[in-house]
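Each chain, written out:
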Amino acid sequence: MATTGRDLLRRLADEGRGPESERGDAAEPSDGVELDFDPDAVEIGDGDVLDRLEPAVREWWVDQFGPYVAQNGGFFTPPQREAIPLVDDGTNALVCAPTGSGKTLASFTAILNDLFRGGREREDGLDNSVYCLYVSPLKSLANDIHRNLTVPLEGIRERMEAKGGDVEVRHAIRHGDTDSAARQRMLEETPHILNTTPETLAILLNAPKFREKLRSVEYVIVDEIHSLAENKRGTHLSVSLERLEDLADASPTRIGCSATVEPLSTMAEYLVGRDDRGVVRDHEIVDTRFVRDFDLRLECPTDDLIHTPRAEIQSGFYDRLHELIGAHENTLVFTNTRSGAERVLENLRERFDGYDDGNSGCHHGSLSKEKRQAVEEGLKSGSLDVVTTSTSLELGIDMPHLDLVVQVGSPKSVAALLQRVGRAGHSLGQTVEGRVLALDRDELVECAVMLRKAESGFVDRVFVPEKPHDVAAQHVYGMAINGVRREADVLATLRRAYPYRNYTDDDWERLCRYLTADYRGLEDKNVYAKIWRDTNDPPAGEHHYEEFDVGEPLVGKRGRMARVIYMTNIGTIPDSFTCEVRLRESDEWVGTLDEDYLDTLEKGDVFVLGGDRFAYRYRRGSKVYVDRTTAQPTVPSWFSERLPLSYDLGREIAAFQGALLERLRAGGSPAVREWLREFPIDENAVRAIARLFDEQRRYAGEESVATDGRLVVEEELDRQDYRRHFYVHSTYGRRFNDGLSRLVAARCANRANANVQIAVADNGFSLSMPLNRKVDVEAVIRDLDPDAVRAELRDAIDGTDLLKRYFRIDATRSLMILKRYKGYEKSAAEQQVSAEMLLSFADDLEDFAVMEETYREIIEDKLNVAAIEEVLRDVRAGKLEVSSISVDSPTPRAFGLATLLASDVVLAEDESAVLQEFHARVQAEIGEESEGDEAATPADGSASSSRPVE
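Computed from a prediction, not measured in an experiment: that's the story for all the values here. (Residues numbered from 1 in each chain as written. Predicted model: local features only at pLDDT ≥ 70, side-chain atom pairs only at ≥ 80, totals over all residues. Heavy atoms only, no water.)

### A look at the overall build of the chain
Secondary structure assignment for the chain yields 32 helices and 30 strands. When the 950 residues of the chain are sorted by exposure, 61% land in the buried category. Long-range pairs, those at least 24 residues apart, make up 75% of the contacts in the chain with a sequence separation of at least 6. Total accessible area on the chain stands at roughly 36,000 Å², and carbon and sulfur atoms take up 43% of it. (Helix = DSSP H or I, 4+ residues; strand = E, 2+ residues; numbered from the N terminus. Buried < 20%, exposed > 50% of the residue type's maximum accessible area, 1.4 Å probe, protein only. Contact = heavy atoms within 4.5 Å. Areas by Shrake-Rupley, 256 points an atom, 1.4 Å probe, with all protein chains shown as cover.)

In structure tokens, the structure reads:
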């Protein structure tokens with residue numbers, strides 16, 4: 001319904017609802033009233049939405065958001081205009097819109113309106129119970145929403161009181177940091193809107209007193225849904241929502257919010273679940289993701305990242321960063337590691353005057369809660385000129401003064417880029433300004449494609465974990481603890497949750513065998529039954545429950561401590577620890593390693609610690625045993641911190657490389673440069689990328705470049721170190737390459753009867769073996785059967801530290817290992833010792849749920865087996881060729897892979913010298929100048945040596 005601004009304001013004034021009514025003069029609504037728009041010239045396109053609101057809510061909204069009319073064509077942003085009517089009608093909705101477009105307020109507005117209406121219409125006001133649950137992935141986000149709710153609640157209540165009404169709508173926050181006194185007060189004076197986290201919601205569903213307060217829930221908001229759906233926290237939440245469905249008096253309306261998510265249909269189905277017939281619940285999707293203007297650009301300090309001195313590259317990087325900070329009010333700088341965030345801030349303070357604790361800060365998960373909160377407050381108030389961070393500020397808190405986001409290096413997915421850059425310009429109508437500073441030629445390629453795809457509306461897909469047994473174990477236990485249940489009802493609740501929509505009867509039997517400890521010797525390992533299964537006895541029987549039919553299969557809890565065990569051990573976030581590194585012979589302590597790092601280590605791998613080199617031998621619990629060595633390092637020290645490239649973006653990079661080759665073939669480097677200038681990248685990046693592929697083609701031919709139609713195996717004979725190196729060019733991301741490399745390496749080791757070293761990157765992987773061993777890696781890849789790779793991966797990870805670690809995590813999630821019991825808290829290191837004592841026993845059990853989940857999580861979630869199967873099917877079908885080339889020195893596109901084994905574990909100057917040596921060999925073969933260069937500048941190569949913050 002379109003009407004003029006004056007007509008709408010006059011109508012509001014006539015009804016005594018508008019701001020003019022306070023003056024008692026409705027003849028000329030705009031007389032004496034300051035408006036941020038011309039009411040005669042502006043058409044209101046969403047008057048029907050405004051009409052849905054209670055008078056006091058409508059009046060507050062007009063006063064608060066009148067200035068947005070010129071930008072939105074009404075009083076509501078696009079997501080608000082679409083979402084408010086849906087929520088008001090009780091329709092489940094997934095709301096996708098950029099950060100700062102008001103999507104969370106869109107969800108809350110109709111709910112607040114309903115609550116104030118209900119409070120006004122009921123004689124005794126709202127009941128002392130919860131009507132709306134807001135679930136957030138982060139405590140800080142829940143805290144921020146809690147603060148932001150105070151403004152509308154107080155503003156609307158004041159207007160209702162001015163009209164003679166007295167309605168109280170309470171809100172509170174409850175998560176792991178909420179003290180016992182506050183929790184007790186919530187029982188006595190229950191918030192109508194409760195902000196919480198997935199873990200706390202699961203606890204509340206089993207809290208005997210508070211769960212009764214949840215029967216009245218009518219609305220559930222799941223914020224930043226993409227960050228939950230992709231991991232087991234989201235799986236846990238999806239089952240909690242179905243348990244809430246069983247508990248609530250009526251089916252709650254579900255609203256999901258996200259800035260960057262794809263595919264929308266999958267996320268919507270994840271949000272709403274299924275009914276008891278297995279049919280997806282009705283829902284609507286509000287897709288207004290690209291209503292904001294983006295100003296994105298990739299920059300590089302130089303077009304020559306090998307021959308430009310490292311100090312000069314770093315100076316160029318920091319000079320540009322300082323310049324950007326000075327030109328903006330508030331700048332947020334994202335790096336890909338926590339140490340990188342600290343290093344950037346430290347270097348800014350050392351290089352330039354004016355940066356201190358008062359106007360700059362660092363924020364990441366390893367810092368204290370107090371330090372993080374101080375930085376958050378500085379961002380909200382605008383007092384901090386610059387803040388550096390890793391991932392901790394991707395979500396949540398409002399930063400109204402933030403007008404620039406700088407990303408250092410590649411964020412590895414379009415979704416992450418948009419999420420991070422979207423923090424800037426936190427209001428609709430403001431242009432989102434983001435700069436990506438890349439110092440590595442491989443990352444230049446990656447980021448150029450990423451920014452181009454971001455501008456086109458592309459978003460990487462979210463993949464939801466499928467049927468994890470450990471999360472199911474927690475919830476089945478929790479349901480049994482709440483009371484004896486029909487087995488069929490428990491299974492039906494589980495299957496209504498999206499991750500368990502395909503949970504088979506065999507899956508259920510496997511889970512129940514574990515939960516009932518139906519394995520010989522299991523209780524001897526102090527792993528006891530958590531539930532019982534039995535049919536209901538006749539009335540005269542020992543175990544008869546009159547509410548159920550005789551013979552009905554039932555489940556119930558086992559153990560007097562069941563509720564305490566459940567409440568103190570549930571959740572999906574794994575504990576982590578650092579491992580002591582000790583010499584094998586003397587047991588001398590030489591340092592510590594984060595346990596994540598051990599995922600990358602195989603026996604014999606060499607790493608650097610404290611400037612010395614050590615060969616990894618084995619781990620026992622939290623102790624890692626090593627030998628000193630002078631051998632070349634095989635695993636870079638930063639490896640475990642790096643974010644993995646998304647598979648979807650990797651496929652786009654492969655397509656980009658194919659398109660670039662076509663232009664290179666048709667018009668040489670000038671044609672490539674002309675095409676690249678259409679991308680949001682600076683001239684240095686244009687020239688560096690064009691030169692990279694020109695050198696690659698001239699040195700090794702077009703068949704040396706991986707494309708969407710070709711994988712490439714590059715073989716190099718290193719006679720100096722007496723090694724045979726294979727560089728497999730596949731751009732599909734580190735998870736994919738980690739899985740494929742394990743398959744290929746296992747077959748190569750068998751065929752060559754030799755140990756094979758592996759190094760994995762986002763654009764490929766390297767294999768290394770003795771020079772006197774020869775294997776046809778191209779044939780190995782072609783021979784891989786996509787239908788057999790799951791079984792082969794299972795064999796490949798058997799006995800590895802990766803398996804040991806994930807078994808501990810999944811055994812703890814499954815409550816097989818208890819983190820807390822009878823007042824004692826078992827550390828992650830102690831959990832690992834317990835896990836290693838149980839592992840061989842569990843691995844020998846037939847179809848053991850915890851063991852099966854461990855293999856499933858590694859193979860599916862960590863090693864991306866579905867993508868490997870997809871690619872190998874393309875190879876089998878002839879859609880993807882595998883080509884081989886032999887070279888005397890690594891090709892330019894393989895420089896990063898070739899230096900990976902030594903990268904960041906020796907002096908950067910040493911690595912730079914290696915890169916220059918590689919490049920000199922290439923130049924000697926193809927000539928000093930690349931074809932079509934506009935100026936005789938030195939050609940560059942991979943910029944691993946120039947990495948300033950990783």
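### Thoughts on helix α14 (residues 338–351)
Over its 14 residues, α14 extends 20 Å from the first C-alpha to the last, a length consistent with the 20 Å expected when each residue adds 1.5 Å. For α14, the full list of buried residues reads G340, A341, V344, L345, N347 and L348. In an axial view of α14, the angular spread of the buried residues amounts to 160 degrees, which keeps them on one side of the axis. A side-chain oxygen of the first residue of α14 lies 2.9 Å from the backbone nitrogen of G340; this N-cap is T337. (Expected span 1.5 Å × (residues − 1). Arc of directions from axis to C-beta. Polar contact = N/O pair within 3.5 Å; in protein donor to acceptor, adjacent residues only side chain to side chain.)

### Brief notes about the packing of helix α26 (residues 789–797) against helix α29 (residues 849–862)
The relative placement of two packed helices is expressed as an angle between their axes plus a distance between the axes. Running from amino to carboxyl end, α26 crosses α29 at an angle of 105 degrees, the nearest separation of the two axes being 10 Å. One finds that α26 runs roughly perpendicular with respect to α29. Residues R790, L793, R794 and I797 of α26 form the contact with α29, whose participating residues are E852, Y855, I858, I859 and E860. Residues belonging to the contact of α26 with α29 are distributed by class as follows: five nonpolar, no polar and four charged. (Axes fitted to C-alpha atoms, helices over the stretch in contact; angles between N-to-C directions. Parallel < 35°, antiparallel > 145°, perpendicular 65-115°, else oblique. Nonpolar A, V, L, I, M, F, W, Y, C, P; charged D, E, K, R; others polar.)

### Some thoughts on the pattern of salt bridges
Going through the model one piece at a time under the given rule, you end up with 83 salt bridges. Between E59 and K163 there is a salt bridge whose closest N-O contact spans 3.1 Å. Here E59 is found in helix α3 (residues 55–65), whereas its partner K163 is found in the loop between α7 (139–162) and β5 (171–174), with 104 residues between them in sequence. Accessibility expressed as a relative area gives 3% for E59, which makes it buried. Between R122 and D127 there is a salt bridge; the shortest N-O distance is 4.0 Å. Relative accessible area serves as the criterion here: at 35%, R122 is assigned to the partly exposed category. Given a relative accessible area of 44%, D127 falls into the partly exposed group. In the salt-bridge network here, residues are joined through shared partners; they are K232, D470, R790, D810, R813, E853, R856, E857, E860, D861 and E869. (Salt bridge = Lys/Arg side-chain N within 4 Å of Asp/Glu carboxyl O.)

### Looking at the nonpolar core
Ranked by internal contacts, the top residues of the largest apolar core, which has 89 residues, are V744, F807, M816 and F848. The element that contributes the greatest number of residues to this core is helix α18 (residues 469–481), accounting for eight residues. With near-sequence residues (within four places) excluded, F848 lies in contact with R510, Y514, Y519, L522, M816 and A842. By size, the runner-up hydrophobic cluster in this structure holds 72 residues, among which are L321, L444, M450 and A688. (Core = buried A, V, L, I, M, F, W, Y, C linked by side-chain atoms within 4.5 Å.)

### With respect to the sheet that holds strand β8 (residues 253–258)
Spatially, β5-β6-β4-β7-β8-β3-β9 is the arrangement adopted by the seven strands of the open sheet, whose pairing is parallel. Edge strands, defined here as strands with exactly one partner in the open sheet, are β5 and β9 (284–287). In this sheet, adjacent strand axes meet at a mean angle of 15 degrees when their direction is disregarded. Pairing of strand β4 (residues 132–135) with strand β7 (residues 219–222), which is carried by four bridges, proceeds in the parallel orientation. (Pairing = 2+ DSSP bridges.)

### A look at the packing of aromatic side chains
Throughout the structure, instances matching the rule amount to 17 aromatic pairs. Pairing Y647 with F736 gives two aromatic rings, centres 6.2 Å apart and planes at 15 degrees, and the pair type is stacked. Here F736 lies in helix α24 (residues 734–752) and Y647 lies in helix α22 (residues 647–676), a separation of 89 residues in the sequence. Pair check on accessibility: Y647 and F736 agree, each one buried. An aromatic cluster of three or more residues is present, and its members are W60, W61 and F76. (Phe/Tyr/Trp six-rings, centres within 6.5 Å; stacked < 30°, edge-to-face > 60°.)

### Focus: the packing of α18 against helix α20 (residues 505–515)
Relative to each other, α18 and α20 sit at 65 degrees, their axes nearing to 10 Å. Considering only the axes of α18 and α20, their crossing is right-handed. Along its contact with α18, which presents H469, A472, A473 and V476, the element α20 presents D507, W508, R510, L511, Y514 and L515. Looking at side-chain class alone, the contact of α18 with α20 contains seven nonpolar, one polar and two charged residues. (Left-handed = near helix turned anticlockwise from the far one by under 90°.)

### Some remarks on the environment of Q916
Relative to the assigned elements, Q916 resides in helix α32 (residues 908–926). Residue class for Q916 comes out partly exposed when judged on its relative accessible area of 32%. Along the primary structure Q916 and H307 are separated by 609 residues, whereas in three dimensions their C-alpha atoms are 7.2 Å apart. With near-sequence residues (within four places) excluded, Q916 lies in contact with I306 and H307.

### Concerning helix α6 (residues 103–121)
Taking 1.5 Å as the rise per residue, α6 with 19 residues should run 27 Å; its terminal C-alpha atoms sit 28 Å apart, in good agreement. Burial within α6 is extensive, with 14 of its 19 residues counted as buried.

### As for the environment of P890
By the secondary structure assignment, P890 is in the loop between β30 (881–887) and α31 (895–900). A relative accessible area of 0% means that P890 is categorised as buried.

### A closer look at the pairing of β5
Residues H171 and I173 point to one face of β5 and A172 and R174 to the other, with burial holding for every one of them. Alignment of β5 against strand β6 (residues 193–196), held across four bridges, turns out to be parallel. If you follow A172 over to β6, its bridge partner there is L194. Read from β5 through helix α8 (residues 180–188) to β6, the crossover connection turns out right-handed. (Right-handed = clockwise from strand over helix to strand, strands pointing away.)

### Some words on the environment of K862
The residue K862 is located in helix α29 in this model. With 128 residues separating them along the chain, K862 and R734 place their C-alpha atoms 9.5 Å apart.

### Considering the sheet that holds strand β17 (residues 531–535)
Sheet strands associate in pairs through backbone hydrogen bonding, adopting either a parallel or an antiparallel arrangement. Read from one edge of the open sheet, three strands run β16-β18-β17, paired in antiparallel fashion. Strands with a single pairing partner mark the edges of an open sheet, and in this sheet they are β16 (485–486) and β17. Bridge analysis of β16 against strand β18 (residues 553–557) gives two bridges, and the strand direction is antiparallel. When the sheet's bridge partners are listed, R486 is paired in β18 with L554.

### Some thoughts on the side chain of R724
Mapped onto the elements, R724 comes out in strand β25 (residues 723–729). Residue classification places R724 among the buried positions, given a relative accessible area of 9%. At 2.7 Å, the side chain of R724 and the side chain of E715 are in polar contact. Residues in contact with R724, not counting those within four places in the same chain, are E715, E716, L717, L767, S768, M769, P770, L771, R773 and K774.

### Structural notes on unusual backbone geometry
A cis amide bond, omega 0 degrees, links E262 with the succeeding residue P263. A positive phi is found at D587, a non-glycine position, where the angle reads about 65 degrees. Judged by relative accessible area, which is 37%, D587 ranks as partly exposed.

### Considering the confidence of the model for the chain
Residues of the chain with pLDDT of at least 70 account for 88%, and the chain-wide mean is 87. pLDDT under 50 marks residues 17–34. Its contacts with residues more than four places away, or in other chains, come to 33 contacts. For the stretch residues 929–950, pLDDT sits under 50, and the model shows 97 contacts to residues farther than four places along the chain or on other chains. (pLDDT = per-residue confidence, 0-100.)

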